[in-house]
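Descriptive structure summary
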Amino acid sequence: HLQAAHAIAPWIVAMDDHEVDNNWASNTPQDPEKQTQLEFQVRKYAAFKAYYEHMPIEEPPTLRDMRPALKLYNKYVFGPAQIHLLDTRQFRSDQPCGDGRKPLCSDATDPARTMLGAEQEAWLSRELKQSSSAFNVIATQTWFTPYRYNAPPDGPVTNLDSWDGYPAARNRLSSVLANDVSNPVFLTGDWHTAMASTLYEKPFDPTSKRIGHELVGGPISSGCPWARDMEVMRSANPHVSHLNGQQRGYLRATFTSDNCHGEFRVVEDAGRANSPVFTDIEIRTKDI
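The residue count restarts for each chain, going from 1 along the sequence in the order it is written. Residue-level local features of this predicted model are given only where pLDDT is at least 70; pairs of side-chain atoms are given and counted only at 80 or more, and the full residue set underlies all totals for whole chains, interfaces and linings. Neither water nor hydrogens contribute to the side-chain values; these are computed over all heavy atoms in the structure.

**Regarding the state of the cysteines**
We call a pair of cysteine sulfur atoms a disulfide when they lie within 2.5 Å. Within the structure shown, the criterion is met by 1 disulfide. Disulfide pairing is shown between Cys 97 and Cys 105; the S-S distance is 2.1 Å. Between Cys 97 and Cys 105, the disulfide has an S-S torsion of -90° and is therefore left-handed. The buried label applies to any residue whose accessible area, calculated with a 1.4 Å probe on protein chains only, is under 20% of its type's maximum; exposed applies above 50%, and partly exposed to all values in between. Accessibility expressed as a relative area gives 26% for Cys 105, which makes it partly exposed.

Written as structure tokens, this is what we have:
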């Protein structure tokens, strides 16, 4: 099935966490008490090698002083869209506050914390500022959209593995997007949930400047154990215009000179190979 999928359409790929270890961050595994630093580097190199062997990636992984690396982030242009493919795993700071869904602790607000690393962050800022494309697509592995799992006025409880756990890094990118970057659209996955949102320069503040949109593809096969938690808190996240963690599917996005049209496709029954596929909802960014 994977070979057939590669044969039918061109792929641009970047890994998230489960190719190596759940919620790994740079050189830190999720469970450092269960594996030494050397064991994790060996594991990461083996994962990078397997990924390279099965995905359309030009350069194989490198290994220097037991530090594996795989070149993933890059820029691509398709018609009216310039796509900036990010790597939010190899260079990020470790998740703050012990990870999970929590309020922000003091560690999370450290301005030195990064999601992309200094080199990739500078590259992205430069490419966005220089782009002349009608749409600037940012393909990122984890949600850029803020999402709170509790009601105000309490401080937001968020998923610290997403950009919510890296507020300084998100603020830096938001500032770039707020200054003459044409039609930013984030295309994302990770959270086992289809989603569409409007992005503002200041998280959870719709009175601040609107800086773009985010469309999140649904899970092809994974369930979403936290779907109900998200539905219960929909009213606390009015910037989210679509949310579906109950059904399996994918996102089809079409870019024209003046619009991004997202079709959220779902299957009737993910357990049947011949299950009907239909469009759950269509969203045009100029309408939200």
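**Considering the sheet that holds strand E3 (residues 74-78)**
One open sheet accounts for 7 strands, arranged E3-E4-E6-E8-E10-E9-E11; its pairing is mixed. The sheet is open, and its two edges are formed by E3 and strand E11 (240-244), each paired on a single side. Within this sheet the neighbouring strands show an average axis-to-axis angle of 20°, counted without direction. Of the strands in this sheet, E3, strand E4 (81-85) and strand E6 (135-140) touch helix H3 (residues 118-130), which is tilted by about 175° from E4. Between two residues, a contact is recorded if the distance between any of their heavy atoms is within 4.5 Å. Under this scheme, a helix contributes an axis fitted over its contacting stretch, all axes are lines through C-alpha atoms, and angles between N-to-C directions fall in the 0 to 180 degree range. Numbering of helices and strands runs from the N terminus; a helix is a DSSP stretch of H or I covering at least four residues, while a strand is a stretch of E covering at least two. Contacts from helix H4 (residues 167-177) reach E6, strand E8 (184-188) and strand E10 (210-216), with the element oriented near 140° to E8. Strand pairing is defined by DSSP finding a minimum of two bridges between the two strands.

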